[in-house]
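Topology and contacts: notes
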Amino acid sequence: VIDVVKAREVFDSRGNPTVEADVILSDGTLGRAEVPSGASTGANEAVELRDGGQRLQGKGTTKAVNNVNTEINDALHGVSPFNQAQVDQIMIDLDGTPNKERLGANAILGVSMATCRAAAAETHQPLYRYLGGTDLELPQTFHNVINGGEHADNGIDIQEFMITAVDRSSFRDGFEKIVNTYHTLKKVIEKAGYTTGLGDEGGFAPDLDNSEAALQMLHNAIVQAGYVPGKEIAIAFDAAASYFYNTQTKQYDFEGQHLSPDALSDYYAKLLAQFPEIISIEDPYSEDDWENFVKFTKKYGDQVQIVTDDNVCTNPTLFAKAIKMGMANAFLIKLNQIGTVTETLTAIRLARKNGYATMMSHRSGETGDTFLADFTVATRTAQLKSGAPARSERVEKYNQLLRIEEELGTTGTRLAHFPDSVDYD
Ligand code: PGA
Ligand code: ZN
């Protein structure tokens, strides 16, 4: 049973404070987890509890840490770590708010993940095996190699340009292709006279004027690395359109233009025509603009994967609304948007029951914790985005997938682009 739950303030990849939680069982077994943090956070996300005040730009997490050490510790003492749903429900009830604002989603998620780790350790199993059982597969990974929007100081308003290996004989083979493309992209950017500094997610952040230029560079890099765009390496992007939506005019203030929702749709259509290797578009419309998001899905949903992130925030209630309205055909999944492992599993199941694809995701503020890699494999999630093949907080997730592939002894190929082939139960 759980003996002690405790937490401490540690720091994330942006140098901001976050929560690390320990769950210690009565025989001394330890489970530990670190909580990530977003920058382009959706309005409907569970609340990260921050201290406010002067210390650490108000971002301190000592209140969240204190909540773990006192109330959560008292409530979980003597509870079985093998009943994840019960552990999570105890914390949800203890918090008592709909968005976890009292105890903090950062406090609750840290303990939720650390409980999984303690239970896995107690049964002497790797985390992915404890959570996922048998018949596991490695995901198709999406790598953010050019950063814009909230994640970089440049003229690009689309937040993330990703590459994914759509032809591979194993996870390792696909990852090598990504690494080759990444290094070639660096040369392409240097040659064009731009700096090769990195954005928050390890991608380059050249000060280009617009997104089209970024896509052209990416296209050139794929070709120069020796791959066929669309056949071997494909492109995906996350517009994170809430960031450039003007709630007053209901227009999109995008790279110096004021675009109506229809004009924005035409712009995306132009990109799809110009770069047929684009296979997935995330958040093309703002979280305040469900209507045009639905309209865009009706028009282009057969042609390309359309992912929703900020509108639905890994929240089963919002997933149900999106499904009913016909918004997007894939859901992004982020543990800290909802705040417990159990609720994340509920969201994943709901998505798959309704024929939506799922893509697991890191946050722009990450830690060295590789929970995400195991969780992706355990839930048989076909797609994962965890940043560029650079910066250790990103690469460690991929390194963990390499270890898992070695342990599974499979060729780890999941070639179908989108469907999650096996339901998670
Ligand atoms: P965030 O960005 O972690 O800053 O929210 C990731 C995303 O928008 O998908
Ligand atoms: Zn997003």
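Since we're looking at a predicted model, the values are computed, not measured.

With that settled, the discussion passes to the site of ligand 1. The full set close to ligand 1 counts 15 residues, and Ala39, His151, Arg363, Ser364 and Lys385 are the nearest of them. At a separation of 2.9 Å, an oxygen atom of ligand 1 approaches a polar side-chain atom of Gln159. Considering ligand 1 on its own, with 280 Å² of exposed area, one finds that the protein chains cover 100% of that surface. The residue inventory of the shell around ligand 1, partitioned by class, reads 2 nonpolar, 5 polar and 8 charged.

With that settled, the discussion passes to the coordination of the zinc ion (ligand 2). All of the protein donors around the zinc ion (ligand 2) are Asp238 (OD), Glu282 (OE) and Asp309 (OD); their distances to the metal are 2.1 to 2.3 Å. For the zinc ion (ligand 2), the donor residues sit on a single chain with the sequence spacing D-x43-E-x26-D. Here Asp309 lies in the loop between β11 (305-308) and α9 (316-325) and Glu282 lies in strand β10 (residues 278-282), a separation of 27 residues in the sequence. The same class applies to Glu282 as to Asp309, namely buried.

Before going further, it helps to spend a moment on the sheet that holds strand β3 (residues 30-34). Here we have 3 strands laid out as an open sheet, ordered β1-β2-β3, and antiparallel in their pairing. Each edge of the sheet is formed by a strand with only one pairing partner; in this case those strands are β1 (2-11) and β3. For this sheet, the mean inter-axis angle between neighbouring strands, taken without regard to orientation, is 15°. Here β1 pairs with strand β2 (residues 17-25) via 9 bridges, running antiparallel. Paired with Lys6 across the two strands is Asp22, which belongs to β2. Each of β1, β2 and β3 touches helix α3 (residues 105-122); the most contacted strand, β3, lies at about 140° to it.

What follows covers the environment of Tyr128. Mapped onto the secondary structure, Tyr128 falls in helix α4 (residues 127-132). Using a relative accessible area of 2% as the deciding quantity, one classes Tyr128 as buried. Considered as a pair, Tyr128 and Gly110 are 18 residues apart in the sequence and their alpha carbons are 17 Å apart. If we skip the residues at most four places from it in the chain, Tyr128 touches Gly133, Leu136, Asp374, Val377, Ala378, Ile404, Glu407 and Leu408. For Tyr128, the side chain forms a polar contact with the side chain of Glu407, separated by 2.7 Å.

The rules behind the values
- Residues numbered from 1 in each chain as written.
- Chains lettered and ligands numbered in written order.
- Predicted model: local features only at pLDDT ≥ 70, side-chain atom pairs only at ≥ 80, totals over all residues.
- Heavy atoms only, no water.
- Near = heavy atom within 4 Å.
- Polar contact = N/O pair within 3.5 Å; in protein donor to acceptor, adjacent residues only side chain to side chain.
- Areas by Shrake-Rupley, 256 points an atom, 1.4 Å probe, with all protein chains shown as cover.
- Nonpolar A, V, L, I, M, F, W, Y, C, P; charged D, E, K, R; others polar.
- Donors = N, O, S within 2.8 Å, 3.2 Å for Na, K, Ca; no water.
- Helix = DSSP H or I, 4+ residues; strand = E, 2+ residues; numbered from the N terminus.
- Buried < 20%, exposed > 50% of the residue type's maximum accessible area, 1.4 Å probe, protein only.
- Pairing = 2+ DSSP bridges.
- Axes fitted to C-alpha atoms, helices over the stretch in contact; angles between N-to-C directions.
- Contact = heavy atoms within 4.5 Å.

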